[in-house]
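Geometric and topological summary
One letter stands for each residue in the lines below.
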Amino acid sequence: RKCARVVGEVLGKYHPHGDVAVYDAMVRMAQDFVMSSVLVLGHGNFGSMDNDPPAAMRYTEAKLSKLSRDALLADINMDTVDFLPNFDESEMEPVVLP
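In short, a report on the structure. These numbers come from a predicted model, not from an experiment.

A count of helices and strands for the protein gives 3 helices and 4 strands. Helices and strands appear in the protein in the N-to-C order α-α-β-β-α-β-β. The dimensions of the protein, computed from C-alpha atoms along their principal axes, are 40 × 25 × 20 Å. Taking all 98 residues of the protein together, 20% fall into the buried category. At a minimum sequence separation of 6, the contacts of the protein that also span at least 24 residues come to 38%. If you sum the accessible surface of the protein, you get close to 6,800 Å²; carbon and sulfur atoms cover 54% of it.

The calculated volume of the largest pocket comes to roughly 980 Å³. Around the largest pocket, the lining is made up of 23 residues, and of these V10, Y14, L64, L73 and L97 lie nearest the centre. Among the secondary structure elements, those contributing two or more residues to the lining of the largest pocket are α1 (3-13), α2 (19-30), β2 (61-64), α3 (66-73) and β4 (92-94).

Basis of the calculations
- Residues numbered from 1 in each chain as written.
- Predicted model: local features only at pLDDT ≥ 70, side-chain atom pairs only at ≥ 80, totals over all residues.
- Heavy atoms only, no water.
- Helix = DSSP H or I, 4+ residues; strand = E, 2+ residues; numbered from the N terminus.
- Buried < 20%, exposed > 50% of the residue type's maximum accessible area, 1.4 Å probe, protein only.
- Contact = heavy atoms within 4.5 Å.
- Areas by Shrake-Rupley, 256 points an atom, 1.4 Å probe, with all protein chains shown as cover.
- 1 Å grid on protein atoms, 1.4 Å probe; cavity = no way out; pocket = protein on both sides within 12 Å on 5 of 7 lines; lining within 4 Å.
- Points joined across faces, edges and corners; volume = space filled by probe spheres on them.

Given below as structure tokens:
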């Protein structure tokens, strides 16, 4: 999916505080030179070790890595963590990720 779409969904459902913070977090989770194990598989320009900035979110694409799906989200619906309503009580979100 386009990163802009993912950022929009996160803003609308869970974090209504600005797209820059959400996209910056997604970029960091896709950078193998920052994370020992990437949580997001990025396609496109996600920056470099030389401080080159990532491309705008409308040009990049991302999806969850296998590690994220298997380790963080596989058992999330099996009462492994508590859920609370989001800011407008339209969705439930986990308090922490397992």
